[in-house]
Amino acid sequence: MTALLETRGVWQRFGGLVANSDVSISVGRGEIVGLIGPNGAGKSTLFNLIAGVLPPTQGSIIFDGEDVTNLPAAARCQRGVGRTFQVVKSFETMTVIDNVIVGALVRNTVMREARRKAHEVLEFTGLAARADVLASDLVPAEKRRLEVARALATEPKLLLLDEVLTGLTPTEAQTGVALVRKVRETGITVLMVEHVMEIVMPLVDRAIVLDLGKVLVEGKPADVVRDPKVISAYLGDRHAVGA
Ligand SMILES: Nc1ncnc2c1ncn2[C@@H]1O[C@H](COP(=O)(O)OP(=O)(O)OP(=O)(O)O)[C@@H](O)[C@H]1O
């Protein structure tokens, strides 16, 4: 089966700093893939390149069989790349339903249809009872859920989740895990950045570890967490494995 997403030899430089260095990854249709790695490894930068927020300094990005490297974020969203942001971007002075309508308008230019879609997504994400509340009045776990809801309202083929399970109580995190599984059951492919290994590893089919901007290891979660290179990267002790 062809991959839904591929990055081919992608580099991102910010002046002298190399945030992504020759990163080639692929995500198969229907997979849940975890993108992990220590702080500053280049995970969010790679998300920005995939979503089209930034053009890569070098390399290409193939989505759904098309080279989208030079397409801006809005065009990629139209093609089916949905994303959440690590810093919650919800419009705090708008209601929950209006935030989700913003996402739904990507595909439904008729307001009535966009509203219908937004209600459907709020039911799906368990936020229906909060539809008319201001986004600023949501608790942190609900704000993350709203991020997911708005991304789902764009009807993505690929959903990029940036730390949506981080900073939650164990119960909230398990509710989030259940939502990600439910998303995959609808046929949406998921690529997620997470820090909390014990939550994310049982959820993903495959894990890709970035360190110092490069792909360090990829494979089955159970193998990845035991890999000495990964342990050393998290300990900041890269010399121990000659990396
Ligand atoms: N717009 C930018 N301008 C300059 N440097 C940047 C920019 N964005 C990211 N960086 C740098 O690129 C490197 C990778 O950052 P990035 O946010 O991608 O890492 P990350 O793995 O997502 O980290 P974290 O887990 O802490 O969120 C860091 O050194 C960061 O300071």
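This text follows the structure it describes.
A short tour of the structure in this document, coming up. (Residues numbered from 1 in each chain as written. Predicted model: local features only at pLDDT ≥ 70, side-chain atom pairs only at ≥ 80, totals over all residues. Heavy atoms only, no water.)

1. Some details on the pairing of strand E4 (residues 58-63)
Thinking step 1. Across five bridges, strand E1 (residues 3-14) lies against E4 in antiparallel orientation. Counted as the bridge partner of glutamate 6 is isoleucine 62 from E4.
Thinking step 2. Bridge analysis of E4 against strand E5 (residues 66-67) gives two bridges, and the strand direction is antiparallel. Within the sheet, the bridge partner assigned to isoleucine 62 lies in E5 and is aspartate 67. (Pairing = 2+ DSSP bridges. Helix = DSSP H or I, 4+ residues; strand = E, 2+ residues; numbered from the N terminus.)

2. Observations concerning the sheet that holds E5
Thinking step 1. Read from one edge of the open sheet, four strands run E2-E1-E4-E5, paired in antiparallel fashion. The open sheet has two edge strands with one neighbour each: strand E2 (17-28) and E5.
Thinking step 2. The pairing of E1 with E2 spans eight bridges and is antiparallel. Residue pairing in the sheet places phenylalanine 14 in a bridge with leucine 17 of E2.
Thinking step 3. Contacting E1, E2 and E4, helix H1 (residues 43-51) runs over the sheet at an angle of about 120 degrees to E1. (Contact = heavy atoms within 4.5 Å. Axes fitted to C-alpha atoms, helices over the stretch in contact; angles between N-to-C directions.)

3. What to know about the sheet that holds strand E6 (residues 81-83)
Thinking step 1. Pairing in this open sheet of six strands is mixed, and the strands run E6-E7-E8-E3-E9-E10 from one edge to the other. Only two strands of the sheet have a single partner each, and these edge strands are E6 and strand E10 (214-219). Direction aside, neighbouring strands of the sheet carry axes that sit 20 degrees apart on average.
Thinking step 2. In the sheet, strand E7 (residues 158-162) pairs with strand E8 (residues 189-193) via five bridges, with the strands oriented parallel. Residue pairing in the sheet places leucine 158 in a bridge with threonine 189 of E8.

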